[in-house]
Amino acid sequence: MAEGVERGYRYRFYPTPAQAQLLTKTFGCVRLVYNLGLEARQDAWQSRQETLGYGATSALLTGWKKTPEFAFLNEVSCVPLQQTLRHLDTAYTKFFAGQTRFPRFKSKKRSRRSAEFTSSAFTFRDGELRLAKLMDTPLAVVWSRPLPAGVAPKTVTVSQDRAGRWFESLRVEVPSAIAPAATGRVGIDAGINRLLTLSTGEPVDNPRHERRERAALVRAQRELARKEKGSRNREKARLRVARVHARIADRRRDVWHQVTTRLVRENQVLVIEDLAVSNMLRNHTLARAISDASWRMFRTLLEYKAAEYGRTLIAVPRWYPSTRLCSVCGVRADKMALSVRAWTCTGCGTGHDRDVNAARNILAAGQAVTACVADVRPQRGTTSRAGSRR
């Protein structure tokens, strides 16, 4: 039997006014408890050199709910409040492991509005989902795709985005989607003029979603700037801006899902560049185009899909000169401006398309590793790295 993997299924739903009111209150309580827990842990360390874990902060939560100041915490389900303290404990663990920065307080305006319910705080039966404190009426969920048969959700995360849309994410465990072994090997060069260029010579066009919506976005932002702060009209204008951003993000995510799924189905070995996207965004001339391409989303989706399908994903170091290296004879060209889209090798006289040549060099670097290492298949959530400075 295939090893099980956890997968999230996201659906949109439309709450009743009573459900929306209670869920909004739950979001606020979750944010408050997280901040109280973070403050308590910081104070304990600064004043007494004491480390508080999840158990200690959970006990503090019980005390907070008994005080007149925080008695309103009893009006929402206790499970999301406990879960946010678990998330805080995980944030501390990742910080001390060097994986993330130190936990920060959640802002009312900027933090994500979400609440996580475990199996003790919801029921899922006959396609109806009911949450704790809201058991009378099921959520009006749009089941855009069916859940895998015979599986029950482990957790349900309810969220609301900046555009005011409501979503629920169900985490379930399903068999790993191991596909039949493929013979294809592909090198992938990410770009701006072309979203991707494959070592086969196939280009993937860049839809430039943000540029297509730029006029609508500018118009909505100008209307927002004219509104008085704190007014209802300003909130309406803010929603219009958020809807444009949500439309751009949805289209971008849809394109990347289609591209990455096709790549992992058709190829057994995929080789990419280990791009330093955060550093590249400091180039103010290209930052907007790089953000629109969303290379980080591409790598995230490709990593988890490659792991699920049993594919090998290799990352070539960012300093590997894939663009300036001739894929035929190996001669390295001098510095090459971004405006140069085609060039001729001085060693063998071969004409190169800039991006196709880079993709072929990336594939060659990845194949060198697969030839020398017996097993380079990454574990779930990791990526093999290949190549060397030349």
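The preceding data block contains the structure.
What you are looking at is a predicted structure, and each value in this text was computed from that prediction instead of being measured.

> Can you tell me about the sheet that holds strand β6 (residues 155–160), naming the residues and giving the values?
Pairing within the open sheet is antiparallel, and its five strands lie in the order β2-β6-β7-β1-β5. If you trace the sheet from one side to the other, it starts and ends with β2 (113–118) and β5 (141–142), each paired once. Here β2 pairs with β6 via six bridges, running antiparallel. Bridge pairing in β6 links E116 to T157. Across the sheet, helix α1 (residues 17–48) lies against β1 (4–13), β2, β6 and β7 (166–175), angled at about 95° from β2, the strand it touches most.

> Before we move on, can you summarise the pattern of salt bridges with the specific residues and values?
Opposite charge on two side chains lets them pair, provided their charged atoms get close. Counting across every chain of the model gives 26 salt bridges. For R194, the salt bridge goes to D355, with nearest N and O atoms at 3.9 Å. Residue R194 is found in strand β9 (residues 194–198), and its partner D355 is found in helix α10 (residues 354–372); the two are separated by 161 residues along the sequence. Using a relative accessible area of 25% as the deciding quantity, one classes R194 as partly exposed.

> Can you tell me about helix α9 (residues 295–309), naming the residues and giving the values?
Owing to its 3.6 residues per turn, the α-helix brings residues three or four apart onto one side. Compared with an ideal rise of 1.5 Å per residue, which puts 15 residues at 21 Å, α9 spans 21 Å between its outermost C-alpha atoms and is within 8% of the ideal. Inspection of α9 places W295, F298, R299, L301, L302, E303, K305, A306, E308 and Y309 among the buried residues, and these make up the whole buried set.

> Lay out empty space enclosed by the protein with the relevant residues and their values.
Using the criterion set out here, one finds three cavities of 30 Å³ or more in the structure. Lining the largest cavity, in full, are L22, L23, T26, V76, S77, F117, L131, A132, K133 and L134. Ranked by the residues each element gives to the lining of the largest cavity, the list is headed by α1, at three residues. By residue class, the composition of the lining of the largest cavity is seven nonpolar, two polar and one charged.

> I'd like to hear about the state of the cysteines, residue by residue, with values.
Taken as a whole and judged by the stated rule, the model has zero disulfides. You can see C326 has no disulfide; the closest cysteine sulfur is in C345, sitting 3.6 Å from it. Classification of C326 as buried rests on a relative accessible area of 2%. Free cysteine: C329, not disulfide-bonded; nearest cysteine sulfur from C345 at 3.4 Å.

> Give me the packing of helix α6 (residues 232–266) against α9: which residues, what numbers.
For the pair α6 and α9, interaxial distance at closest approach is 9 Å and the crossing angle is 35°. When you trace α6 past α9, the crossing you get is right-handed. Contacts between α6 and α9 involve R252, R253, W256, H257, T260, T261, L263, V264 and R265 from the first element and M297, F298, L301, L302, Y304, K305, A306 and Y309 from the second. Considering only residue class, the contact of α6 with α9 consists of ten nonpolar, three polar and four charged.

Thresholds, definitions, all that
- Residues numbered from 1 in each chain as written.
- Predicted model: local features only at pLDDT ≥ 70, side-chain atom pairs only at ≥ 80, totals over all residues.
- Heavy atoms only, no water.
- Pairing = 2+ DSSP bridges.
- Helix = DSSP H or I, 4+ residues; strand = E, 2+ residues; numbered from the N terminus.
- Contact = heavy atoms within 4.5 Å.
- Axes fitted to C-alpha atoms, helices over the stretch in contact; angles between N-to-C directions.
- Salt bridge = Lys/Arg side-chain N within 4 Å of Asp/Glu carboxyl O.
- Buried < 20%, exposed > 50% of the residue type's maximum accessible area, 1.4 Å probe, protein only.
- Expected span 1.5 Å × (residues − 1).
- 1 Å grid on protein atoms, 1.4 Å probe; cavity = no way out; pocket = protein on both sides within 12 Å on 5 of 7 lines; lining within 4 Å.
- Points joined across faces, edges and corners; volume = space filled by probe spheres on them.
- Nonpolar A, V, L, I, M, F, W, Y, C, P; charged D, E, K, R; others polar.
- Disulfide = S-S within 2.5 Å.
- Left-handed = near helix turned anticlockwise from the far one by under 90°.

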